[in-house]
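Residues per chain, in single letters:
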Amino acid sequence: MVSSRRAIVLVLTEKAVSVDSAADVVHAETVALPVPVVVRLTRYVRVPYTAQVPLSRRAVFARDGSSCVYCGGSATSIDHVVPRSRGGTHTWDNVVAACRRCNHAKADRSLAEMGWELPHPPRTPSGAAWRLLGARTVDPRWREWLGVPESVSA
Ligand SMILES: [Zn+2]
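The written sequence of each chain sets the order in which its residues are numbered from 1. Totals for whole chains, interfaces and linings use every residue, but because this is a predicted model, local features are given only for residues with pLDDT of at least 70 and side-chain atom pairs only at 80 or more, for both listing and counting. Calculation of side-chain values draws on the structure's entire complement of heavy atoms; hydrogens and water are dropped beforehand.

Novice: Just give me the short version of the coordination of the zinc ion, but keep the residues and values in it.
Specialist: Looking at the zinc ion, the protein donor atoms are Cys68 (SG), Cys71 (SG), Cys99 (SG) and Cys102 (SG), and they sit 2.2 to 2.4 Å from it. Around the zinc ion sit four donor atoms, and with donor-metal-donor angles ranging over 101 to 116° the site reads as tetrahedral. Donor selection uses N, O and S atoms within 2.8 Å of the metal (3.2 Å for Na, K and Ca). Since no water is included, sites may look incomplete. Mapping the donors of the zinc ion onto the primary sequence gives the spacing C-x2-C-x27-C-x2-C. Placement of Cys71 in the loop between helix H2 (57–63) and strand E3 (77–80) and of Cys102 in helix H3 (residues 100–106) is noted, with a sequence separation of 31 residues between them. Relative accessible area decides the class of each residue, using a 1.4 Å probe on protein chains only: under 20% of the type maximum gives buried, over 50% gives exposed, and in between gives partly exposed. On the accessibility criterion, Cys71 (41% relative accessible area) is partly exposed. Geometry assignment treats four donors as tetrahedral when all angles are between 85 and 135 degrees, treats four as square planar and six as octahedral when opposite donors are over 155 degrees apart and all others between 65 and 115, and treats everything else as irregular. The way it works is that DSSP assigns letters per residue, a run of H or I at least four long becomes a helix, a run of E at least two long becomes a strand, and they are numbered from the N terminus.

Right, dumping it as structure tokens:
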């Protein structure tokens, strides 16, 4: 993901070709170019992505489909499966999306104490689409190229 300015430079220097462009046109010294929205690099470049997807409320909601993992209701909060007061960590494998009611009911108790089970263990998400979660805005035209889940909103 790069800025429009960077994408324009990449296309003008022939390091990338425009695959999809906006209605806006940028005027350089000798050329007019529709602002690229999606570009394809002309040479493969290995991008040194960080291994971990940053843990955020938005990212957890996206992973869990904005649904409470306990009851399937609409999630409004983040729950630590092993409560932080009991040494639970703020990591991908210990946080889930939860509704206010379940979060409140569970409070500082463990799943065993509640007699609750998780449908599947929480995991760290992976894949290109998850990079978008760090973006302030997500252009809808990026979705088809990255397989962004519907739950990830702009
Ligand atoms: Zn719930």
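Having seen the model, we can carry on.
Novice: Explain unusual backbone geometry residue by residue, including any values.
Specialist: Its identity as a non-glycine residue notwithstanding, Glu14 has a phi of 65°, on the positive side. Of note, Ser66 is a non-glycine position whose phi angle comes to about 60°, a positive value. Mapped onto the elements of the fold, Ser66 is located in the loop between H2 and E3. By relative accessible area, which is 30% here, Ser66 ends up partly exposed.

Novice: Any details on the nonpolar core? Residues and values, ideally.
Specialist: Only buried Ala, Val, Leu, Ile, Met, Phe, Trp, Tyr and Cys residues count toward a nonpolar core, and they belong to the same one when joined by side-chain atoms within 4.5 Å. One finds Val53, Ala59, Val60, Phe61, Ala62, Ala75, Trp92, Val95, Ala97 and Trp130 forming the largest nonpolar core, which totals 10 residues. For this core, the secondary-structure elements that each account for two or more residues are H2 and strand E4 (95–98). The element best represented in this core is H2, accounting for four residues. Ignoring any residue separated from it by four or fewer positions in sequence, one finds Val60 in contact with Leu55, Ile78, Trp92, Val95, Val96 and Ala97. We call two residues in contact when some of their heavy atoms are within 4.5 Å.

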